[in-house]
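Report on the structure
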Amino acid sequence: MKHHLKKFLQLGLLLPLGASMASVSAADAINLNYIEGRIFNDFEITGSYQINSDWFTYASYLNKDHGLEDYSNLEFGGGLLVRGLMDHDLLTTASLVRRSVNNYNDTGISVSVGVRDFFFQDYLNDVDVLQPIELRGAFIIEEVGDFDTYIELGADYHFTPNFSAGLQLDLGGYEDTISLGARWFY
């Protein structure tokens with residue numbers, strides 16, 4: 001536990017620093033209508049739908065198979081999007097979580113707060129070869145059987161306005177994981 005707390009403190013100090021390097025205008029805000037798939041040691045599919053300029057809903061399914069342990073997570077929730085807060089998009093979410101570990105089921109809640117933004121977008125607009133890079137970070141608290149916290153960090157390269165792909169790192173929680181993912185924006 002001490003090891004994870006040390007990571008959280010280090011990343012907590014780095015997250016605002018990294019976010020302050022990014023800049024986005026309200027006209028170029030991040031789209032929250034997407035379907036995403038992620039793989040590595042696990043498989044996850046997520047969908048998000050923006051109801052209006054402030055509110056969105058989302059759902060996700062995660063499945064991990066670690067030989068002796070079978071783990072799945074089903075999550076439904078909603079969130080509030082605050083655009084342009086200190087030149088970044090702030091997202092807060094709350095969700096209902098249904099978790100199964102080796103056929104033992106539990107239900108709980110999850111809440112998070114995070115930032116998403118485009119990195120060096122103003123500079124990349126002048127270069128035709130490069131597209132925007134989206135950075136995101138969130139602090140998540142879960143109460144599903146046990147109380148747990150973790151940090152999620154990600155970076156996606158936007159190949160087109162409708163497609164991006166990148167890496168995500170989850171630190172703490174059930175275990176530290178890294179995954180590759182792709183997003184289709186609709």
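Structure's up top.
Residues numbered from 1 in each chain as written. Predicted model: local features only at pLDDT ≥ 70, side-chain atom pairs only at ≥ 80, totals over all residues. Heavy atoms only, no water.

**As for the overall build of the protein chain**
For clarity, the threshold we go by: Under the scheme used here, helices are H or I runs from DSSP no shorter than 4 residues and strands are E runs no shorter than 2 residues, and both carry numbers assigned from the N terminus. A simple rule labels every residue: compare its accessible area, found with a 1.4 Å probe on the protein chains alone, to the largest value its type can have, and call it buried under 20%, exposed over 50%, or partly exposed in between. Contacts are assigned to residue pairs that have any heavy atoms within 4.5 Å of one another. With residues, only the protein chains shown are counted as cover, and all accessible areas are computed by Shrake-Rupley using a 1.4 Å probe.
Along the protein chain, the regular secondary structure elements total 2 helices and 10 strands. Looking at the protein chain residue by residue over its 186 residues, the buried ones come to 39%. Nonlocal contacts in the protein chain, meaning residues at least 24 apart in sequence, comprise 45% of its contacts between residues at least 6 apart. Element-wise, carbon and sulfur atoms account for 65% of the exposed surface of the protein chain, whose accessible area totals about 10,500 Å².

**Some words on the pairing of strand β7 (residues 133–144)**
Heads up, the rule is: By this definition, two strands are paired if DSSP reports at least two bridges between them.
Looking at chain direction, strand β6 (residues 104–119) and β7 are connected through 11 bridges and run antiparallel. Following the sheet pairing, Ile-109 is matched in β7 by Glu-143.

**Comments concerning the pairing of strand β5 (residues 88–101)**
Judged from the 13 bridges that link them, strand β4 (residues 70–85) and β5 form a sheet pairing that is antiparallel. Within the sheet, the bridge partner assigned to Leu-85 lies in β5 and is His-88. Two elements, β5 and β6, share 13 bridges in a ladder whose sense is antiparallel. Note that in β6 the partner of Arg-98 across the bridge is Thr-107. What sits between β5 and β6 in their antiparallel hairpin is a turn of 2 residues, with Asn-102 showing a positive phi close to 50°.

**Some thoughts on the pattern of salt bridges**
Short version of the rule: Think of a salt bridge as a Lys or Arg side-chain nitrogen and an Asp or Glu carboxyl oxygen that are within 4 Å of each other.
Evaluation of the coordinates by the stated rule reveals 8 salt bridges. It is possible to trace a salt-bridge network through shared partners that takes in Glu-36, Arg-38, Arg-116, Glu-134, Arg-136, Asp-156 and Arg-183.

**Here we look at the packing of aromatic side chains**
Short version of the rule: The criterion for an aromatic pair is that two Phe, Tyr or Trp rings (for Trp, the six-membered ring) have centres within 6.5 Å, with stacked assigned to planes under 30 degrees apart, edge-to-face to planes over 60 apart and tilted to the rest. Each ring is checked for a lysine NZ or an arginine CZ that lies within 6 Å of its centre and within 35 degrees of its normal; such an atom marks a charge sitting over the ring.
Counted by the stated rule, this structure contains 5 aromatic pairs. Judged by centre distance (5.7 Å) and plane angle (35°), the rings of Phe-159 and Phe-163 are tilted. Taking relative accessible area as the criterion, Phe-159 reaches 44% and is therefore assigned partly exposed. Members of the aromatic cluster, joined through ring pairs, are Tyr-157, Phe-159 and Phe-163. Cation over ring: Arg-183 sits above Tyr-34, and NZ or CZ is 4.1 Å from the ring centre.

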